[in-house]
Amino acid sequence: MSTESPRFRLGFLTHVQGRDDDPVRTYRNALELFVAADELGFDTGWVAQHHVPLGGGGLASPWTFLAHAAARTTRIRLGTAVTILPLEDPIRLAEDVATVDTLSGGRVEIGVGSGYNALEYAAFGRDVARKRELTSEHLDVLRSALAREEVGAPGFRVQPAAGDFGDRIWQGAFSTQGAAYAAAGGSNLLLNRAAYGFDSPTDAVQRPWADAYLGAWDWPRRPRIGLSRFVFPAKDRRTALRQIGDDVHRAALRMAEGGAFPKGLDLNEALRRFHSFHGHPEEIVAALRRERVLPVATDLITQFNPAVPHHDAALRALELIATEVAPALGWRRAAEPEPRPEPAGVPT
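Novice: Just checking my understanding: could you explain the overall build of the protein chain for this structure?
Specialist: For the protein chain, the helix and strand inventory stands at 11 helices and nine strands. What you see for the protein chain is a C-alpha radius of gyration of 20 Å, in line with the 20 Å of a compact globule of 348 residues. Taken along the three principal axes of its C-alpha coordinates, the protein chain extends 60 × 55 × 45 Å. Residues classed as buried in the protein chain amount to 52% of the 348 residues present. Across the protein chain, contacts joining residues at least 24 apart in sequence account for 75% of those joining residues at least 6 apart. If you average the places of the 40 positive and of the 43 negative side-chain charges in the protein chain, the two averages end up 3 Å apart.

Below is the structure:
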């Protein structure tokens, strides 16, 4: 990523978690992150879907949330990373996506994935062993529905008519095969903040996935790679660790119980496993310049998860990302869009 390359986009991702069991406050704070990111010039704001609650909440209905975010923002693009596609009716999902796209003035991106939680699959009556097959089947229907093709029954098309989603569908991938599959279908690629089940650094594991995606790409438009990374700037490293350390360590121990990480991790190893970039902005910039996937990414998607920092600290971190970290990597705010003209005869 440099100023000589096509402009890269800056995003942030929230899992919509709070520090207590108050969903009203949690959702309000998450919405305020979108408003702040919009004002700071972030290009994209993403939410993750979780049907089974995380610590401090989680978001089961992302498109309802994004419709509300669309009303409170003016320019930031709105997306999911990811919608758990096998658990959705793809035609109904297309209707929700098209509605939010219409309400937002065409600002929607949709990232899809297969999920992993067996309890979620059981609750929706789906077989978790078929998750990849269901993802492929539902993605085919979703693409057709968003393209205004007939779906479900002869003569049926979703409404409202969505804009062109040819370059706005993303797929999460966790292997070279998955990345190549995403490219073959024309999806943009989403890479997670951490590579689970591997001892090597996340960027060393994921760079071959990105290369496989680019090697398999055979479409006329430019491919996009969204790189999700845990980025938490603060005035210094000690302050950052005070805000995120306990959360990260607890999350790593939970992951170890499921076999994704080794057991008995200390904090430093937990931070490494989550591929964390934290501390003073200059430290983060130096570390990101060594990140091995970043040079081929088109979108840097920052997130604080698995930490759930206090709201004021999260807002300050967003500000530092937009004003100090991302500009040092070559990012610049997009030109402000021209205001849409008022319809004739409507008083202003």
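Novice: Sorry, what's going on with empty space enclosed by the protein here?
Specialist: Applying the stated criterion across every chain yields a total of one cavity of 30 Å³ or more. Considering only enclosed or pocket space, the largest cavity measures out at about 50 Å³ in volume. Residue lining of the largest cavity: Ala195, Phe198, Ser200, Pro201, Thr202, Phe261, Arg272 and Arg273, and that is the complete set. A breakdown of the residues in the lining of the largest cavity according to their chemical character gives four nonpolar, two polar and two charged.

Novice: Just checking my understanding: could you explain the nonpolar core for this structure?
Specialist: Burial of nonpolar side chains together is a common tendency in soluble globular proteins. Formed by 90 residues in total, the largest nonpolar core has its most connected members in Phe42, Phe65, Ile110, Leu142 and Phe232. Looking at this core element by element, the count peaks at eight residues for helix 11 (residues 311-328). Sequence-distant contacts of Leu142, defined by excluding residues within four places in its chain, comprise Leu85, Pro90, Leu93, Ala94, Ile110 and Val112. Leu13, Trp46, Trp170 and Leu190 belong to the second largest nonpolar core, which has seven residues in total.

Novice: Honestly, the environment of Thr323 in this entry has me stumped. Any pointers?
Specialist: On the secondary structure map, Thr323 appears in helix 11. Put simply, Thr323 and Gly115 are 208 residues apart on the chain and 34 Å apart in space, counted from C-alpha to C-alpha. Side-chain polar atoms of Thr323 contact the backbone oxygen of Glu319, separated by 2.7 Å.

Novice: Please explain the pairing of strand 6 (residues 188-191) as it appears in this structure.
Specialist: Regular strands have side chains that alternate between both faces of the sheet. Burial along strand 6 is two-sided: Asn188 and Leu190 facing one way and Leu189 and Leu191 facing the other are all buried. As defined by bridge partners, strand 5 (residues 169-172) adjoins strand 6 across three bridges and the pair is classed as parallel. Directly across from Gly172, in strand 6, lies its bridge partner Leu190. Between the parallel pair strand 5 and strand 6, the chain is carried across by helix 6 (residues 176-185), and the sense of this crossover is right-handed. Alignment of strand 6 against strand 7 (residues 225-233), held across three bridges, turns out to be parallel. The residue of strand 7 that forms the bridge with Leu191 is Leu227.

Novice: For this particular structure, what's the right way to read the pattern of salt bridges?
Specialist: Pairs can form between side chains of opposite charge once their charged atoms are near each other. Under the defined criterion, the tally for this structure stands at 22 salt bridges. Arg168 serves as the salt-bridge partner of Asp101, at 2.8 Å between the closest nitrogen and oxygen. Here Arg168 lies in the loop between helix 5 (131-146) and strand 5 and Asp101 lies in helix 3 (residues 90-104), a separation of 67 residues in the sequence. With its nearest N and O atoms 3.9 Å apart, the salt bridge here joins Glu150 to Arg157.

The rules behind these values
- Residues numbered from 1 in each chain as written.
- Predicted model: local features only at pLDDT ≥ 70, side-chain atom pairs only at ≥ 80, totals over all residues.
- Heavy atoms only, no water.
- Helix = DSSP H or I, 4+ residues; strand = E, 2+ residues; numbered from the N terminus.
- Rg over C-alpha atoms; globule rule 2.2 N^0.38 Å.
- Buried < 20%, exposed > 50% of the residue type's maximum accessible area, 1.4 Å probe, protein only.
- Contact = heavy atoms within 4.5 Å.
- Lys, Arg positive; Asp, Glu negative; His and termini not counted.
- Charge placed at Lys NZ, Arg CZ, Asp CG, Glu CD.
- 1 Å grid on protein atoms, 1.4 Å probe; cavity = no way out; pocket = protein on both sides within 12 Å on 5 of 7 lines; lining within 4 Å.
- Points joined across faces, edges and corners; volume = space filled by probe spheres on them.
- Nonpolar A, V, L, I, M, F, W, Y, C, P; charged D, E, K, R; others polar.
- Core = buried A, V, L, I, M, F, W, Y, C linked by side-chain atoms within 4.5 Å.
- Polar contact = N/O pair within 3.5 Å; in protein donor to acceptor, adjacent residues only side chain to side chain.
- Pairing = 2+ DSSP bridges.
- Right-handed = clockwise from strand over helix to strand, strands pointing away.
- Salt bridge = Lys/Arg side-chain N within 4 Å of Asp/Glu carboxyl O.

By themselves, these observations are geometric and do not establish any function.
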